[in-house]
Amino acid sequence: HFHVVENGTDTDFFRPMDIPQEPGSLIFAGSLDWYANISGVGFFLREVWPLLKRQRCDLRLYLAGKNPVDAIRRAGDGDGNIRVVPNPEDVRPLLAKAALVVCPILDGGGTRLKILDAMAMAKPVVSTHVGCEGLRVNHGENILIADSPQDFAREVIRALEDPGLRQRLSTAGRALVESHYSWNSIGRELTRAHQCALEGGK
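Residues numbered from 1 in each chain as written. Predicted model: local features only at pLDDT ≥ 70, side-chain atom pairs only at ≥ 80, totals over all residues. Heavy atoms only, no water.

**Q** Please provide a residue-by-residue account of the nonpolar core, values included.
**A** Within the largest apolar cluster, 60 residues are counted, with the highest numbers of intra-cluster contacts made by Leu26, Ile27, Phe44, Leu52, Leu63 and Val156. Not counting chain neighbours up to four residues away, the residues in contact with Ile27 comprise Tyr62, Ala64, Leu94, Leu95, Ala98, Leu100, Val101 and Val102. (Core = buried A, V, L, I, M, F, W, Y, C linked by side-chain atoms within 4.5 Å. Buried < 20%, exposed > 50% of the residue type's maximum accessible area, 1.4 Å probe, protein only. Contact = heavy atoms within 4.5 Å.)

**Q** Account for the state of the cysteines, naming residues and giving values.
**A** Within this structure, the stated rule accounts for 0 disulfides. Residue Cys132 stays outside any disulfide, its sulfur separated by 7.8 Å from that of Cys103, the closest cysteine. (Disulfide = S-S within 2.5 Å.)

**Q** So what's going on with the sheet that holds strand E5 (residues 125–127)? Residues and values would help.
**A** Each strand in a sheet pairs with another by means of backbone hydrogen bonds, the pair being arranged parallel or else antiparallel. As summarised here, the arrangement of the 6 strands in space is E3-E2-E1-E4-E5-E6, forming an open sheet in which the pairing is parallel. In this open sheet, the two edge strands, each paired with only one partner strand, are strand E3 (82–86) and strand E6 (144–145). By the bridge criterion, 2 bridges tie E5 to E6 in an arrangement that is parallel. Pairing of Ser127 across the sheet is with Ile145, part of E6. Where helix H4 (residues 113–120) meets the sheet, its contacts fall on strand E1 (22–29), strand E4 (98–103) and E5, and the angle it forms with E5 comes to roughly 160°. (Pairing = 2+ DSSP bridges. Helix = DSSP H or I, 4+ residues; strand = E, 2+ residues; numbered from the N terminus. Axes fitted to C-alpha atoms, helices over the stretch in contact; angles between N-to-C directions.)

Pasting the structure below:
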């Protein structure tokens, strides 16, 4: 007999902010010295970003996180539309300003808290299947999911060019996090697990 108590995020800390969005802006926010993130960002820069730029030359990409490795630090060399933000004191204003959050993770395990943080801030997210693995998300309802470079680029463009879609994803994502991944929700599940143990698994 067992209970699963999921990971979560602080929905009071990560919440929508009244900051004007930068049209056509994308952000990846996460530790930039961790293999899965380095691999995912590399995939995005090599395979997806060129496809996006062919369709929208005005796009901007922000890579924000702690300790970016040299390969990521150099990502903006020669491309003025890419900005690397090393070790931001507070990632929330960067997330709030972006029109879309991308999570192009290809491998690794664990819950992608970066997606929960983004959804808690009511940000629309495009992710790979591996990136959102284990989360209670549904493509087209509260997230957009794509794996190949072509599909990922298509979903990014679709979201950027459809404000209504972005708003629906934002609203549904925030609602999902509040109902299943907030500290209150997690606390209730943990209390049930403790109560079950006290009652002998009944």
